[in-house]
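Results of the structural survey
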Amino acid sequence: MSDPPSAQTRRSAGDLKKTPPSSVVTRNGARKAKIQTRAMSAGVKPSASVLAAKKKAQQKKKQAVDTILRDPYQIAMESKLKIKGPTGFVTEPRMAEHRCLWDDKYPECPERLISVIDRCKELNLIEQCKVLTPRAATREEIETLHSPAVIDMLETTHQNNDVAYLEDLSSKYDAIYIHPSTHELALIAAGSTLELVSRVVSGELQNGAAFVRPPGHHAMRAEPCGYCFYNNVALAARHALQQGVERILIIDWDVHHGQATQQMFYDDPRVVYFSIHRYEHGSFWPNLRQSDFHYTGSGAGEGYNFNVPLNCTGMKDADYLAIWHQLLLPMALEFSPQLVIISAGYDSALGDEKGEMEVTPACYAWLTQQVSCVCARVCVVLEGGYCPASLAEGAALTLRALLALPAPVAPLAPLAPLSPAAAPCDQIRESILNCIYAHKKHWRCFNYQPTYSTGPTLNVFDVQKIKHTVRVRWEGDETRPERFATRDCYPLQDDRTKREIQERLNHLRLVTELSPLKPVCYIYDQAMLKHKNICEPGHVECPERIMRIHERLRDFGLLERLHRLEARPATDEEILAVHTRKHLDRLKELSRTKLRDLNSQKDAYDSVYFHPDTFESASVASGCVVQMVEAAAGGRAARGACAVRPPGHHADADSPSGFCVLNNAAVGAVHAVRALGLRRVLLLDWDVHHGNGTQSLTYAEPEILYISIHRYDNGTFFPNSKDADYMAVGEGRGEGFNVNIPWNKRGMGDVEYMAAFTQVVLPIAYEYNPELVIVSAGFDACVGDPLGGCKVTPECFGRMTQFLTGLAGGRVVLCLEGGYNVTSTAYAMAMCTKALLGDPILHHYDPKPVCHWSAVESINNVIRVQKKYWKSLKFQLALPIEDVIEKPVPSRGLIVNEEASSSNLINKNQIEHSISSVENSMTNLNIENKCPDGIHCGTDDEDEMESKSNSSKSNENKTESTSNENNTPATLVDFLAENMQAIVDEEMFAVVPLQWCPHLESLYAIPADVKFEQGVKCVSCDHTDENWVCLHCYITACGRHVGGHMQAHYRSAQHALALSLRDLSVWCSACDAYVDNALLYDAKNNAHRCKFQEDMPWCYPTDTIHMQ
């Protein structure tokens, strides 16, 4: 290993936040060392298996491939004219006629619908909707899913007033009563739902609600069930499929499992059915095995059925939010539905005698709002709910969410973190982890939990893991009686309980803030254009950044939809609440300083420049943020965007840094706390650079929760401080209120940022329950930025903004930070502004989204540290690596398609995707153009290349000299260049291995007496030249192009990983790919010692854990 380069001198503003040299070994550095190690084996030719892989890559290169180049701004441009459409509403007052004639206390009663409509009218919601005329479904529409015999039976009851006959007929079905008008009203309920969904699919409506009864999700193909006659939601989903919709998500949050909806789409991969229901291991109605977590679909639909069983009562908001963040949102973001239909039962709401849960009405609005961020086309269809007061409030707040009205604000609990009321219960953790285990083989998004082996031999890596045991418990009875009770067959609450529930609901209604619709504000001022770099006119932090944003907002027609706030400079008092007097006086002095002196003063700071008008621009920028904060917190605005510069999040108390002069976001947050009296402010920083200044200013403040998503690169990315790592959690009273999500690789994109949101940002944010959200909205992580090196699309920034508007009653303030591709920045801010206005955000559908393993590692590290402070992060338990659950047994009414499982197809696609990425890397290998600055080269070792470039200009690098003396290439590019003829002659090539495979966790520490010696014969033949060692049992066998005995060993023993004694590479037979990971170092070093009589160089990050 070479000596680390000497430290650089202080950088100027023109250095553009370049990363300094580092001694950290990158993954590309590891690849270099690996190739050089192989090259040390003079005269050794590549193995036949490797030649075969190389030949396949060459053949692929020769094939004509149609490549679709997508404009990164195409979605943003297409969104220009997409504004929020109308919300539909349909109901029928006559549905109140449907009631039980022989039992006045029956819970499925007319008061349910009447209370909902009355509350919606009280909140003036219906008048804000486009009201649809209800209609009856036709027989042809019903027969798409229901048996003609069911229709014929119900037709015989129409206007039949024989109560005895109706009760007798009802007793043949589970939990059913039939009224003389039931058939007609059931047809209207189904037809009205069909009409709403049809209008939404056609684009006439953006979303809508069908408040209808009787409900539908228990109605099976051949029989009514559970108060349901025709399955309204399933019929609507089938109708949407016929209209050309390709991906539908059905969310069923009724407390009873919608077994009929599940049965109708159990083998259909076009429909994901996601149900959260009380189960209690089968002892709760409908008492079916198929309601458990391991019933995941069949045939082509395997993996598309989600059951989240609730095995205890008393579930609260935190439990349902955990289901959303851990299960629903990750899956929905991957599935990317074109339509969402919600079977909206409110019998899990506080006070419901059937559900016995404690979900507040406000929670339903939060759930709906988050679903709308995934897909704008959302249809809510009323199902159950038997406490009229909580049903009415929950349904009304759901409709408010569809109308994009400000989300309700729950009362503040004891100061988070460690708020007991905000903790998901252990039972929901068990159910969520069971679901993840059952579905992780079908979905790429469920890869955050570690794994452990359940085998008889103890794995050294499993000792310290907290393990989750996956088990299936059945305590129900599926026996169907010949007759069902029709009277007194339901739980009843006594008067005292009803009175206590009503008091709690009244209190919730009083303390839950329902803000009216207010204007979305915007602030911009030309005074901020004065700050510019006279000495370096092409500097990236330039006035054009906000000019282009302003022009883009005008072009998108957004300015006329925004309320313009008047800009003003921040007062000295507002600035001194964050910065020191010395810093303020120094900035004021700039206006009287000569240009020559200004240029020299910048050298005293890190990456800044000064202009005589710098302080004026900076003070106006901070003042604009304060103005917006006052408008949002004071109720004059719903939310707003600040197009301000210079940026601020690197500026600390007494010095400017990183293009930043005054810390605008921190000034606004501190003003909200100290001047406006807010107790909880969330400050989210998604600029690609860590906001070190903001962190230092808020590090001890529990009133300000600072969360930053940034590129870190193990401390080598600006601002080059370990304070940006995940271990920085705050201090004193502020401990636990600082959350860093550091990326250790360039190229992170939408998938990684959405993963950070669902796994970390949203769980913590909802637990914190802020009163105001301020976003340090830097867009240098956007695609095309010259400094960030990431690939986040403008629409992803819009989606992140959408998610945030569900917090703090929608009081969100966007404050521009970085972003140095003016086109990307302008589009990104436009998409964020559209999100603030409630417009739908379009997205590109990628059928193979994979979160990079490095991002998964970073997210898991954050959770491991932060779970001490935030109870919503309690789901990182290890899951079994083996299949420990038996195949689901038959369940009453469920038809299982035994055709080819889609999971096999998905697993095959995953493997083919990995192989194809390796082949593409080989095909696209280019060694002719080496990027000198490390910004555009698309590699992970730009810092290393930059440091070598810089050091060669100042003095001759010691390592380089030594390398030249030994005639050994200094870099991978140099090595390949010197061996070009070998590449042309097909004697050498490069393979990009997988960085991780799941079979690594099945390895054990190598015993001291095991040596991977050269020349050992194959266990099945006498071959010694091209042998491999099994890394599980340490036998030696020949490769596939000799006798294939190692492959035969894999097929018989399922030992996937083997080490080549020839070139020390590791092959995973299960993944069908090469693998290179730090966990393999001990095995490789063992063989390296035996072959070269010396240790192999350590080529992995220094904080990696060795096998002991």
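So, a few notes on the structure that sits alongside this text. Remember, it's a predicted structure, so these values are computed and weren't measured experimentally. (Residues numbered from 1 in each chain as written. Predicted model: local features only at pLDDT ≥ 70, side-chain atom pairs only at ≥ 80, totals over all residues. Heavy atoms only, no water.)

Our focus in this paragraph is the packing of aromatic side chains. Throughout the structure, instances matching the rule amount to 31 aromatic pairs. Pairing F556 with Y827 gives two aromatic rings, centres 6.2 Å apart and planes at 65°, and the pair type is edge-to-face. Within this pair, whereas F556 is found in the loop between helix 16 (544-555) and strand 11 (563-564), its partner Y827 is found in helix 25 (residues 822-836), the two being separated by 271 residues in sequence. Both residues of the pair, F556 and Y827, belong to the buried class. An angle of 35° between the planes, with centres 6.2 Å apart, marks the rings of F1012 and Y1034 as tilted. Here Y1034 lies in the loop between strand 19 (1027-1030) and strand 20 (1036-1038) and F1012 lies in the loop between helix 31 (980-984) and strand 19, a separation of 22 residues in the sequence. Residue class for F1012 comes out buried when judged on its relative accessible area of 2%. Ring-pair connections join several aromatic residues into one group, and the members of that group are F274, Y304, F306, F335, W443 and F446. Across from the ring centre of Y845, 3.7 Å away, lies the NZ or CZ of R247, which sits over that ring. (Phe/Tyr/Trp six-rings, centres within 6.5 Å; stacked < 30°, edge-to-face > 60°. Helix = DSSP H or I, 4+ residues; strand = E, 2+ residues; numbered from the N terminus. Buried < 20%, exposed > 50% of the residue type's maximum accessible area, 1.4 Å probe, protein only. Lys NZ or Arg CZ within 6 Å of the ring centre and 35° of its normal.)

Another aspect to go through is the pairing of strand 3 (residues 207-210). Judged by which residues are buried, strand 3 turns out to be covered on both faces: N207 and A209 on one side and G208 and A210 on the other are all buried. Two elements, strand 3 and strand 8 (residues 378-382), share three bridges in a ladder whose sense is parallel. By the bridge assignment, G208 is partnered in strand 8 with C379. (Pairing = 2+ DSSP bridges.)

Within strand 7 (residues 339-344), six of the six residues are buried, leaving the element largely enclosed by the surrounding structure. Here strand 7 shows no split at all, with L339, I341 and S343 on one side and V340, I342 and A344 on the other all buried. Across five bridges, strand 4 (residues 248-252) lies against strand 7 in parallel orientation. When the sheet's bridge partners are listed, I250 is paired in strand 7 with I341. As defined by bridge partners, strand 7 adjoins strand 8 across five bridges and the pair is classed as parallel. Directly across from I342, in strand 8, lies its bridge partner V380. Read from strand 7 through helix 12 (residues 361-374) to strand 8, the crossover connection turns out right-handed. (Right-handed = clockwise from strand over helix to strand, strands pointing away.)

Between W285 and P286 the backbone carries a cis peptide bond, its omega angle lying at 15°. Tracing the backbone through its elements, the reader meets P286 in the loop between strand 5 (271-278) and strand 6 (305-310). P646 follows R645 through a cis peptide bond whose omega is 0°. With respect to the secondary-structure elements, P646 resides in the loop between strand 12 (639-642) and helix 21 (664-674).

All we've got here are geometric facts, nothing functional implied.
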